[in-house]
Amino acid sequence: MKRMSRFGAAVTMAVMLASGLAASTARLEAKGSGHGGGTTAVCSALLSVINNATLPQAIRDAAQLGYDLLECS
């Protein structure tokens, strides 16, 4: 039962992270193109989440998706 609880928490966090990234991506795209300002900070934050091995894989996958959508390099 504890395993199912952890899985549920990981899925919830992944959904929250993905929806937040989608909202921030839409907001950044509405402001204009380019990787200045907040996009650089978002990209570096996403990269730190992706490289953090202690986080669940679902959260790292959601961060990778956001990293790819923002076309961070």
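This text gives an overview of the structure that appears in the document.

Here's the deal with the overall build of the protein
Helix and strand counts for the protein stand at 3 helices and 0 strands. Along the protein, helices (α) and strands (β) appear in the sequence α-α-α when read from the amino end. Residue burial in the protein is summarised as follows: out of 73 residues, 23% are buried. Here the contacts in the protein between residues at least 6 apart in sequence split such that 59% fall between residues at least 24 apart. Carbon and sulfur atoms form 63% of the exposed surface of the protein, whose accessible area is close to 5100 Å².

Some words on the environment of M13
Structurally, M13 can be placed in helix α1 (residues 2–31). Judged by its relative accessible area of 43%, M13 is partly exposed. On a C-alpha basis, the gap between M13 and I59 in space is 6.7 Å, while along the polypeptide they are 46 residues apart.

Re a nonpolar patch on the surface
A contiguous nonpolar patch, built from F7, V11 and V15 and spanning about 280 Å² of accessible area, is present on the exposed surface. Relative to the elements of secondary structure, V15 occurs in helix α1. Exposure remark for V15: the relative accessible area of 53% places this residue in the exposed category.

Brief notes about the nonpolar core
Counting 8 residues, the largest nonpolar core is built from L21, C43, L46, I50, A63, Y67, L70 and C72. Sorting elements by how many residues they give to this core places helix α2 (residues 38–51) first, with 3 residues. In contact with Y67, not counting residues within four places along its chain, are C43, L46, L47, I50, C72 and S73.

Conventions and cut-offs
- Residues numbered from 1 in each chain as written.
- Predicted model: local features only at pLDDT ≥ 70, side-chain atom pairs only at ≥ 80, totals over all residues.
- Heavy atoms only, no water.
- Helix = DSSP H or I, 4+ residues; strand = E, 2+ residues; numbered from the N terminus.
- Buried < 20%, exposed > 50% of the residue type's maximum accessible area, 1.4 Å probe, protein only.
- Contact = heavy atoms within 4.5 Å.
- Areas by Shrake-Rupley, 256 points an atom, 1.4 Å probe, with all protein chains shown as cover.
- Patch = residues over 30% accessible without salt bridge, like charges linked within 9 Å, V, L, I, M, F, W, Y side chains within 5 Å.
- Salt bridge = Lys/Arg side-chain N within 4 Å of Asp/Glu carboxyl O.
- Core = buried A, V, L, I, M, F, W, Y, C linked by side-chain atoms within 4.5 Å.

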